[in-house]
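Single-letter residue listing:
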2 protein chains.
Amino acid sequence: MAAERLIYLPLGGAGEVGMNMYVYGYGRPGNERYILVDVGVTFPDMDGTPGVDLIFPDIDWIAERVDRLDAIFITHAHEDHVGALGHLYPRLTVPIYARKFTAHIARLKMEEHGYDGTEVTTVGPMPEMIEAGPFKVGFMPISHSIPESSGLIIDTPAGRVVHSGDFKIDETPGLGEPFDVDAWGNLGPVKALICDSTNVFTRHPGKSEATVGPEIERVVREARGMVVATTFASNIARVKTLAEAGAAAGRSVVLMGRAMKKMIGAAVETGLIKDFPPTITPEEARDVPREYLMLLATGSQGERRAASAQLSRGKFQGLEMKAGDTFIFSSKTIPGNEVSVGRITNALSELDVDVIDDKMADIHVSGHANRPDLERMHQLVQPQFLVPMHGEHRMLREHAKLGEAGGVASVIAPNGTMVSLSGNRPEVVEFVETGRLYLDGSVQVGALDGVVRDRIRMALNGQVVIGVLIDEEDEPLTDTWAELRGLAELGQSRAPLQDVLEEEVGQFLGRADSKTVADDDRLEEQVKRIVRNTCLSEIGKKPEVFVLISRLAA
Amino acid sequence: MAAERLIYLPLGGAGEVGMNMYVYGYGRPGNERYILVDVGVTFPDMDGTPGVDLIFPDIDWIAERVDRLDAIFITHAHEDHVGALGHLYPRLTVPIYARKFTAHIARLKMEEHGYDGTEVTTVGPMPEMIEAGPFKVGFMPISHSIPESSGLIIDTPAGRVVHSGDFKIDETPGLGEPFDVDAWGNLGPVKALICDSTNVFTRHPGKSEATVGPEIERVVREARGMVVATTFASNIARVKTLAEAGAAAGRSVVLMGRAMKKMIGAAVETGLIKDFPPTITPEEARDVPREYLMLLATGSQGERRAASAQLSRGKFQGLEMKAGDTFIFSSKTIPGNEVSVGRITNALSELDVDVIDDKMADIHVSGHANRPDLERMHQLVQPQFLVPMHGEHRMLREHAKLGEAGGVASVIAPNGTMVSLSGNRPEVVEFVETGRLYLDGSVQVGALDGVVRDRIRMALNGQVVIGVLIDEEDEPLTDTWAELRGLAELGQSRAPLQDVLEEEVGQFLGRADSKTVADDDRLEEQVKRIVRNTCLSEIGKKPEVFVLISRLAA
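In this report, we go over the structure that sits alongside the text.

## Some words on the overall build of chain A
At step 1: Across its full length, chain A carries 17 helices and 29 strands.
At step 2: When its C-alpha atoms are laid out on the principal axes, chain A stretches across 85 × 75 × 45 Å.
At step 3: Evaluated residue by residue, chain A yields a buried proportion of 58% over its 554 residues.
At step 4: Summing over all exposed atoms, chain A offers an accessible surface of approximately 21,600 Å²; the carbon and sulfur share of this is 47%.

Shown next, in the form of structure tokens:
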């Protein structure tokens, strides 16, 4: 009988930024007991996932083994770590553990899906430990851009594993627990460090959250008209800093956007913040002179429906930006969002509003450990193995190189790579099928189901629908219908493309032999070919074609 | 009768980066004679223009006045300045002027559209001047990231106008004409400087092309396996530098991708380069050990079909990247292309190829003047007015602020803003309708025609086609057809969505009153409503719906 082993298997988040989901297992091969760390989402885009609402990891592998899954642990309350919880829980009905603030958000996610929230258990920080099968798991406070983030200390019969979660090394985080160098440096023998890789390419040491306060204060103090500032609502420390800068400059603070209210609400309810400056509602703000207003708005990534974008386009909740106002991006633009953020900046420019971003003033710091901070973490924890997680492939690879350069055995393990941590080196023991699941409206569809592929094709090629009628005598009516969508109306012949297509298909039907007419597939194939070729010569495109054949004889 | 006036009117490029097209006019209001500077394209994306091939400025305004258009001048051979020439020439049949290299590229564009190239006249640099109506226009050499770039010196009865074109201040450009400080500082009285704004937010002075050579040489020298480098093919100086670094390291140089061959070919044919290192073909390269190869590849912006992307995905023209190879991005990622470029970098990481980009080594410099360089240009030219061009709105605005801060009367004039330059201040005299024209396959469609809007809707919402048959007695057959595309197959009821829709529509048709059945619009409207509502409850989405009604009685 094979010996028991300790395994690590990322289902999401390794080979990408977002959608975090990591499996740890212990037991005989194929018969391990499991725990799951994080249940995150990633966000769709027009390029690859048009019309999709959210993206989850494909959980088939763990769902098929749910009888051996003992618990879910959530490291912190960012969407890419907790966002899929309510959606996927029906297939993962095991106890969920998180610290207070995270548990609060996790319960909101569960309640949105009709659960009562009791599925989520609030856990204190270490030394409290949760037993789950062969694992003992403790929440070790770590600094990040959301309160009560935690690394997980996972004790197993094969030794201690440290799962960093998302983190930075910040000894003055502004709000909540500072990074505790002593604690992190005294974890005892650590078998493996599973470690955030997001900022491995950033060469300078990270800056503390405490550094942004004075600069934000200066910017707000020097502003003349209304001030609007945006940042991630979940970055409670930052939102508080912005609010305090507003209050210090004699401005009334207004929270704009649902996430802003929800997050600050959660922070107050869970006792995280007690001294947030008083806020007024947008309605109340309408009666305040603009130079006494400080709006805190959602939408730092340019999201079209969030408060920032709305304000850039005109009135939002009765408030409107004007010449001489100032807009502050206390945030970084995530790669891929440059165009959306640019749209806001340009719209504000047209309104003659001054925009200040993190390139113009030191009003933002990252929540992730930069390269030298990662090295410091390796040195503090002194793990036997390093497994880089949370990052695109190039980041995992660079992080593994960094580990090896520091003398730590390291392995690149993108999603689906099962790594055994039991031996003297990390060893890839299996590749598991992984993928993505799309939330599309109210249903989940597989990334490879073809639904989204068909949408992209329609968007790229446009579409023609052709109606063909076969009468009671099995003769086609030559009077066909063509409907075009997403295609030019006029082609090379200067006649309406619709007319040309109806004419061409009609002519074909008039001369089609009875064998073709009798065979749906054959008829459809031929009509499609005629439509595609006609479109190619008329407008230089081969559209998607639907052929609807109606047979009256049947 | 109104006095004669000098006007400036951007039709493209002002309020965006790309698609440059600027009108200058002189004469009585409404009766001016015109010249056109640049005829550029911009590139589509999935986000806003799926399926579109190229984007041009809407030229209605100038095409309607083509009898008063005297000439077209092309400042340089970048696509966003010359790319639309062949496409739009049929509506702008006037003489085209450019310098030798640019004229060569312009002729290739014309020949692609069936012209013989004689429409383009090659012009020498100043002091040569072309007369065009009331204008005299000279090509003043200026440094940029493509050979023979020129600013235009436009003499008019109202004074001298300087149109900078795209430029940087580079006194050691590597190839071609250095920026001539004396010449630019001695243009005499200048009424208006129309000036590139792309890099106004970059605070440090720009670096010379000459600075990248030694660093590229070092990177190539230290590389072990095959080296692949990418940059814009039109940046002949850079391509030459890369090739020379390869040759110096004892590597054979291979040009990969059509643009690379076309551009180097044009530079050789026009005598711009005489000492380009000898190249071998990809076929020949297959027999050369990989450590003796240096590939120069197209696709620095992540274009899917260009050489770089192909190499990152596997074999391309018989060559393949492997562990230990090096890939060099001697380029900057244009905002919006981060995800595509990231896709290549990650694919290379999976192949264990080392990637070096401009953040890791000083192997790229911009072709545009940074903020301090713009200030220096203002000081050299000492114009009475400044009109920022070529840039997003926020860049035009910032550049105008910079001009005003330096004591130059400045005006923000996005596309469609007609500015009179005749008086003592630049004055906005009219707003002209402008927009975009899409090349879609082989036809041009207006941006507001709805073609692309319909494609985006299909991509976001998916689509249902319903066929309804009304028999000879004007009774609907309740046996309907539904076809779905881009939609989940199963909804909440766990029955196929197609069946559910056919059932619902059939039931409706069975109970529909004769008035509804007799009226196409009404029938269509009601069927659509049923389909949308059914989809909303089944899958949480409202798809696009096509209803095809066939009447046998007709």
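## Quick notes on the relation of the copies chain B and chain A
At step 1: The two copies are related by a screw motion: chain B maps onto chain A through a turn of 180° and a shift of 0.0 Å along the axis, at an RMSD of 0.1 Å. A rotation of that kind, with that shift, is consistent with a two-fold axis. Measuring from the rotation axis to each C-alpha of chain B, the shortest distance belongs to Ala459 of chain B, at 2.7 Å.
At step 2: Same-surface contact between copies: 100% of interface residues of chain B are shared with the interface of chain A.

## Brief notes about the nonpolar core
Proteins that are soluble and globular tend to have nonpolar side chains buried together.
At step 1: Core analysis: the largest hydrophobic core is formed by 70 residues, its most contacted members being Val39, Ile62, Leu88, Phe101 and Leu296 of chain B.
At step 2: For this core, the element with the highest residue contribution is helix H7 (residues 236-248) of chain B, accounting for six residues.
At step 3: If near-sequence neighbours (up to four positions away) are discounted, Val39 of chain B is found in contact with Asn20, Met21, Ile72, Ile74, His81, Val82, Gly83, Ala84, Leu85 and Leu88 of chain B.
At step 4: One finds Ile59, Val239, Ile328 and Leu437 of chain A within the second-largest nonpolar core, a separate group that totals 69 residues.

## So, helix H12 (residues 371-381) of chain A
At step 1: Within H12 of chain A the residues assigned to the buried category are Arg371, Asp373, Leu374, Met377, His378, Leu380 and Val381 of chain A.
At step 2: The elements touched by buried residues of H12 of chain A are strand S12 (159-163), helix H5 (181-184), strand S13 (190-196), strand S20 (383-389) and helix H13 (393-405) of chain A.

## A word on the interface of chain B and chain A
At step 1: In this complex, chain B contributes 66 residues to the contact, which on the side of chain A involves 66 residues.
At step 2: Buried area between chain B and chain A, both sides added, is near 5,500 Å², and the carbon and sulfur share of it is 58%.
At step 3: The largest contributions to the chain B side of the interface with chain A come from Met46, Arg485 and Phe546 of chain B, which together make up 13% of the buried area.
At step 4: In this structure, the connection of chain B to chain A is made through twelve salt bridges.
At step 5: Linking Asp354 of chain B and Lys401 of chain A is a salt bridge whose minimum nitrogen-to-oxygen distance equals 2.6 Å.
At step 6: Looking at the side of chain B that touches chain A, the element that brings in the most residues is strand S29 (residues 544-551) of chain B, giving eight residues.
At step 7: Looking at the side of chain B that touches chain A residue by residue, the classes come out as 30 nonpolar, 16 polar and 20 charged.

## Here's the deal with helix H11 (residues 338-350) of chain A
At step 1: For H11 of chain A, built from 13 residues, the straight-helix expectation of 18 Å at 1.5 Å per residue is met to within 8% by its first-to-last C-alpha distance of 18 Å.
At step 2: All of the buried residues in H11 of chain A are Ser340, Val341, Gly342, Ile344, Thr345, Asn346, Ala347, Leu348 and Ser349 of chain A.
At step 3: Structurally, H11 of chain A contributes buried residues whose contacts are with helix H10 (307-313), strand S18 (326-329) and strand S19 (354-356) of chain A together with strand S21 (391-392) and helix H13 (393-405) of chain B.
At step 4: Residue Asp352 of chain A follows H11 of chain A closely and has a positive phi angle near 65°.

## Focus: a negative patch on the surface
At step 1: Where like charges cluster on the molecular surface, the negative patch consists of Glu472, Glu473, Asp474 and Glu475 of chain A together with Glu472, Glu473, Asp474 and Glu475 of chain B.
At step 2: Residue placement: Glu472 of chain A occurs in the loop between strand S27 (463-470) and strand S28 (481-485).

## Observations concerning the packing of helix H4 (residues 100-112) of chain A against helix H8 (residues 258-269) of chain A
Residue and element names in this part refer to chain A.
At step 1: Between H4 and H8, whose axes approach to 9 Å, the crossing angle comes to 130°. Regarding the angle of H4 to H8, the classification is oblique. Crossing of H4 against H8: the hand is right-handed. Contacts between H4 and H8 involve Phe101, His104, Ile105, Leu108 and Lys109 from the former and Lys262, Met263, Ala266, Ala267 and Glu269 from the latter.
At step 2: Here the residues of the contact of H4 with H8 sort into six nonpolar, one polar and three charged.

## Regarding the sheet that holds S28 of chain A
Residue and element names in this part refer to chain A.
At step 1: As summarised here, the arrangement of the three strands in space is S28-S27-S29, forming an open sheet in which the pairing is mixed. Strands with a single pairing partner mark the edges of an open sheet, and in this sheet they are S28 and strand S29 (544-551). Adjacent strand axes in the sheet meet at a mean angle of 15° when their direction is disregarded.
At step 2: Sheet contacts for helix H15 (residues 497-511): S27 and S28; angle to S28, the most-contacted strand, approximately 140°.
At step 3: Along the sheet, helix H17 (residues 520-539) contacts S27 and S29; its crossing angle with S29, the most-contacted strand, is approximately 140°.

## Concerning the pairing of strand S3 (residues 21-27) of chain A
Residue and element names in this part refer to chain A.
At step 1: Burial analysis of S3 places seven of its seven residues in the buried class, the great majority of the element.
At step 2: Side chains Met21, Val23, Gly25 and Gly27 project from S3 onto one buried face, and the interleaved Tyr22, Tyr24 and Tyr26 project onto a second face that is buried too.
At step 3: As paired strands, strand S1 (residues 5-12) and S3 are joined by seven bridges and run antiparallel to one another. What sits directly across from Tyr8, in S3, is Tyr24.
At step 4: Relative to strand S4 (residues 33-37), S3 runs antiparallel, the two being bridged by five bridges. Bridging across to S4, Gly25 finds its partner in Tyr34.

## Topic: the pattern of salt bridges
A side chain of one charge can pair with a side chain of the opposite charge when the charged atoms of the two come close.
All names here are of chain A.
At step 1: Under the definition given, this model contains 61 salt bridges over all chains.
At step 2: Its salt-bridge partner being Arg5, residue Glu32 comes within 2.7 Å of it at the nearest N-O pair. Of this pair, Glu32 sits in the loop between S3 and S4 while Arg5 sits in strand S1, and the two are 27 residues apart along the sequence.
At step 3: When its relative accessible area of 1% is taken as the criterion, Glu32 is described as buried.
At step 4: A relative accessible area of 14% places Arg5 in the buried class.
At step 5: Put simply, Glu215 and Arg218 hold a salt bridge, and the shortest N to O gap is 2.8 Å.

## Concerning the environment of Pro44 of chain B
All names here are of chain B.
At step 1: Summarising the element assignment, Pro44 is placed in the loop between strand S4 (33-37) and strand S5 (54-57).
At step 2: For the pair formed by Pro44 and Gly174, sequence separation is 130 residues and the distance between their alpha carbons is 32 Å.
At step 3: Setting aside residues up to four positions removed in sequence, Pro44 forms contacts with Thr49, Val52, Asp53, Leu54 and Ile55.

## Observations concerning unusual backbone geometry
At step 1: Geometrically, the link from Met126 of chain A to Pro127 of chain A is a cis peptide bond, its omega value of 20° lying close to zero.
At step 2: With respect to the helices, strands and loops of the structure, Pro127 of chain A is situated in the loop between strand S8 (120-122) and strand S9 (129-132).
At step 3: Positive phi is not limited to glycine here, since Gln382 of chain A has a value of about 45°.
At step 4: Within the fold, Gln382 of chain A resides in the loop between H12 and S20.
At step 5: For Glu148 of chain B, which is not glycine, the phi torsion reads 55° and is therefore positive.
At step 6: Since its relative accessible area comes to 16%, Glu148 of chain B is described here as buried.

## Looking at the packing of helix H6 (residues 212-222) of chain B against H7 of chain B
Residues and elements named next belong to chain B.
At step 1: Put simply, H6 and H7 touch, their axes get as near as 9 Å, and they point 40° apart. In terms of axis orientation, H6 runs oblique to H7. Here the hand of the crossing between H6 and H7 comes out right-handed. Across the interface between the two elements, Val212, Gly213, Ile216, Glu217 and Val220 of H6 pack against Arg238, Thr241, Leu242, Ala245 and Gly246 of H7.
At step 2: Each residue belonging to the contact of H6 with H7 can be placed in one class, and the counts come to five nonpolar, three polar and two charged.

## What to know about the packing of aromatic side chains
At step 1: Per the counting criterion, the structure on display carries 16 aromatic pairs over all chains.
At step 2: Where Tyr34 of chain A meets Trp61 of chain A, the ring centres are 5.3 Å apart and the plane angle is 70°; that geometry is what we call edge-to-face. A residue pair is termed long-range when its members are at least 10 positions apart, and Tyr34 of chain A in strand S4 and Trp61 of chain A in helix H1 (residues 60-63) qualify at 27 residues. Just as Tyr34 of chain A is buried, Trp61 of chain A falls in that class too.
At step 3: Cluster of aromatic residues (ring-pair linked, three or more members): Tyr8, Tyr22 and Tyr24 of chain A.
At step 4: In this structure, Arg485 of chain A is placed above the aromatic ring of Phe546 of chain B, and the distance from its NZ or CZ to the ring centre is 4.1 Å.

Thresholds, definitions, all that
Residues numbered from 1 in each chain as written. Chains lettered and ligands numbered in written order. Predicted model: local features only at pLDDT ≥ 70, side-chain atom pairs only at ≥ 80, totals over all residues. Heavy atoms only, no water. Helix = DSSP H or I, 4+ residues; strand = E, 2+ residues; numbered from the N terminus. Buried < 20%, exposed > 50% of the residue type's maximum accessible area, 1.4 Å probe, protein only. Areas by Shrake-Rupley, 256 points an atom, 1.4 Å probe, with all protein chains shown as cover. Least-squares fit on C-alpha atoms with pLDDT ≥ 70 in both. Contact = heavy atoms within 4.5 Å. Core = buried A, V, L, I, M, F, W, Y, C linked by side-chain atoms within 4.5 Å. Buried area = accessible area lost by both parts, 1.4 Å probe. Salt bridge = Lys/Arg side-chain N within 4 Å of Asp/Glu carboxyl O. Nonpolar A, V, L, I, M, F, W, Y, C, P; charged D, E, K, R; others polar. Expected span 1.5 Å × (residues − 1). Patch = residues over 30% accessible without salt bridge, like charges linked within 9 Å, V, L, I, M, F, W, Y side chains within 5 Å. Lys, Arg positive; Asp, Glu negative; His and termini not counted. Charge placed at Lys NZ, Arg CZ, Asp CG, Glu CD. Axes fitted to C-alpha atoms, helices over the stretch in contact; angles between N-to-C directions. Parallel < 35°, antiparallel > 145°, perpendicular 65-115°, else oblique. Left-handed = near helix turned anticlockwise from the far one by under 90°. Pairing = 2+ DSSP bridges. Phe/Tyr/Trp six-rings, centres within 6.5 Å; stacked < 30°, edge-to-face > 60°. Lys NZ or Arg CZ within 6 Å of the ring centre and 35° of its normal.

Just distances and angles here, no functional claims.
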